[in-house]
Amino acid sequence: MTLLPKALTDKRDVPRAFDAIARSYDVSTALNPGYNRHLRLSAERLRLPPGARILDLCCGTGCSTQALADAYPDAELIGLDGSEEMLARARRKPLSKRADFVLGDAMDPAQSAGIEGPFDGILMAYGIRNMSAPDECLRRIYDLLAPGGVICFHEYSVADSNRSKALWNAVCFGIIIPMGFVTATRSPIFRYLRKSVINFDGVRAFEQRLADHGFVDVHTEPMDGWQRGIVHSFLARKPA
Ligand SMILES: C[S@@+](CC[C@H](N)C(=O)[O-])C[C@H]1O[C@@H](n2cnc3c(N)ncnc32)[C@H](O)[C@@H]1O
C-alpha cells in the first residue's frame, strides 16, 4: 500500500484537482514569501492606462485579480477559472464588487464562457503551464487582445538553468510537497506542480513560442527573493 495519491497526468484534470485544495489555497500562498507582492509586480508590468479592460485568466481564488485591482483601481476586471471551488472563494471576497468571476476553460474562453474581446491587457498567473495545448491557448489569447494590447504570463520556468532547477527541486521536496501532504494528504497537485515546472519551456523557448504566435516586444522580467530565476513575468504585445 502506498500513501501517495495517484499522479495527475492529464492537464484537463487540473481544475478539478484545485477544487479539492481550494479551502487551503489562500493560507498556503500567504505562507509563500513574496507570492502576492510578485503578482502585483507582474500586474504593474502590464503598464495599462486608466479605464483598461483586463482579463485575469486562471484567476483561482482571486489573488492575481486582487493584484490587478490594486494596480488599476478603475479598470474593468474579469476573472476566469475552471475550478468552481476556487471561484467560490473569489466570489466571497470584497474584490467581487470590483470584478466579475466566470467559470470557463482558459483553453477557449469565448466558447466555454462567452468571454469576448478585445481586452487591453491579460494576466495569466500560473496558468499557461497547465494548458493541455499551450499553442492553441496562445492563439485564442492573441485573438482576445486589442491591437496594441499586452499580456503578462506570470509563470515558473527553470529549464534554462541547472541552479534554478536544483533550487526548485529543493523547495518542492523540502517544503511544498511535505506541506501539501499535511494540508491535503490525498491531493496529487503538489507533485504535479514540481513536475509541470520542470517540464515547462525554458525562458528562451517560451519567448520564442510567443514570437512565433505573432507577439512583439517579447521580454522577460525577474522576481526577487528565492523566486529569482524561477518565477518570471513574460511580457508581450499584440502589434497595433
Ligand atoms: C496556481 S492557481 C493560480 C491562481 C491565481 N492566478 C493566483 O495567482 O493565485 C492555477 C489556477 O488555474 C486554474 N486552471 C487550470 N487549468 C485551467 C483551465 N484549463 N481553464 C481554467 N482554469 C484553469 C486552476 O483551477 C487554478 O485555479
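Look up: the structure comes first, before these words.
Reading the values: rules and limits
- Residues numbered from 1 in each chain as written.
- Predicted model: local features only at pLDDT ≥ 70, side-chain atom pairs only at ≥ 80, totals over all residues.
- Helix = DSSP H or I, 4+ residues; strand = E, 2+ residues; numbered from the N terminus.
- Rg over C-alpha atoms; globule rule 2.2 N^0.38 Å.
- Buried ≥ 20, exposed ≤ 12 C-beta atoms within 10 Å, placed from the backbone.
- Contact = placed C-beta atoms within 7 Å.
- Near = placed C-beta within 6 Å.
- Nonpolar A, V, L, I, M, F, W, Y, C, P; charged D, E, K, R; others polar.
- Core = buried A, V, L, I, M, F, W, Y, C linked by C-beta atoms within 7 Å.
- Axes fitted to C-alpha atoms, helices over the stretch in contact; angles between N-to-C directions.
- Parallel < 35°, antiparallel > 145°, perpendicular 65-115°, else oblique.
- Arc of directions from axis to C-beta.

**Q** Lay out the overall build of the chain in plain terms, naming residues and giving numbers.
**A** Along its length, the chain carries nine helices and seven strands. Relative to its length of 240 residues, the chain is compact, with a C-alpha radius of gyration of 17 Å against a globular reference of 18 Å. Taken over the C-alpha atoms alone, the chain extends approximately 55 × 40 × 30 Å along its principal axes. Looking at the chain as a whole, 39% of its 240 residues qualify as buried.

**Q** Could you give an account of helix H2 (residues 35–45), naming the residues involved and the relevant values?
**A** Those residues of H2 that sit buried are His38, Leu39, Leu41, Ser42 and Ala43. At its buried positions, H2 is contacted by helix H3 (63–71), strand E4 (119–125), strand E5 (145–156) and strand E7 (231–237).

**Q** Just give me the short version of unusual backbone geometry, but keep the residues and values in it.
**A** Geometrically, the link from glycine 117 to proline 118 is a cis peptide bond, its omega value of 0 degrees lying close to zero. Along the chain, proline 118 turns up in the loop between helix H5 (109–113) and E4. Even without being a glycine, arginine 47 presents a positive backbone phi close to 50 degrees. Mapped onto the elements, arginine 47 comes out in the loop between H2 and strand E1 (53–57). One non-glycine residue with positive phi stands out, namely tyrosine 126, at about 60 degrees. Structurally, the position occupied by tyrosine 126 is in the loop between E4 and helix H6 (134–144).

**Q** Pulling in residues and values, what's your account of the site of the ligand?
**A** Not every one of the 20 residues close to the ligand is listed here, only the nearest: Cys58, Gly60, Cys63, Gly82 and Ser83. Looking at the shell around the ligand, the elements with two or more residues in it are helix H1 (14–30) and H3. Take the shell around the ligand: its biggest share by element is three residues, from H1. Split by residue class, the shell around the ligand holds twelve nonpolar, six polar and two charged.

**Q** Explain the nonpolar core residue by residue, including any values.
**A** Core analysis: the largest hydrophobic core is formed by 53 residues, its most contacted members being Ile54, Leu55, Leu68, Ile122 and Leu123. The residues contacting isoleucine 54, other than those within four sequence positions of it, are Leu48, Leu68, Tyr72, Ala75, Glu76, Leu77, Phe119, Asp120, Gly121 and Leu123. If you look at the next biggest cluster of nonpolar residues, it comprises seven residues, including Val158, Trp168, Phe190 and Val197.

**Q** Got a sec to walk through the environment of arginine 89? Specific residues and values, please.
**A** Take arginine 89: it is sitting in helix H4 (residues 84–91). The sequence separation of arginine 89 and threonine 61 amounts to 28 residues, and the corresponding C-alpha distance is 5.3 Å. Among all residues touching arginine 89, those that are not within four sequence positions of it are Ala22, Asp26 and Thr61.

**Q** Which residues make up the packing of H1 against H4, and what values do they have?
**A** Here H1 crosses H4 at 30 degrees, and the two axes come no closer than 7 Å. Between H1 and H4, the angle falls in the class roughly parallel. Where H1 approaches H4, its residues Phe18, Asp19, Ala22, Tyr25 and Asp26 are matched on the opposing element by Glu84, Glu85, Met86 and Arg89. Residue classes in the contact of H1 with H4 are distributed as four nonpolar, no polar and five charged.

**Q** Describe helix H9 (residues 203–212), listing the residues and the values that go with them.
**A** Of all the residues in H9, the buried ones are Phe206, Glu207 and Leu210. Projected down its long axis, H9 shows its buried positions confined to an angular sector of 100 degrees, all on one face. Turned more than 90 degrees from where H9 packs its buried face, Arg204 and Asp212 sit exposed. Looking at the buried residues of H9, the elements they touch are strand E6 (216–222) and E7. Within two residues after H9, glycine 214 carries a phi angle of roughly 100 degrees, on the positive side.

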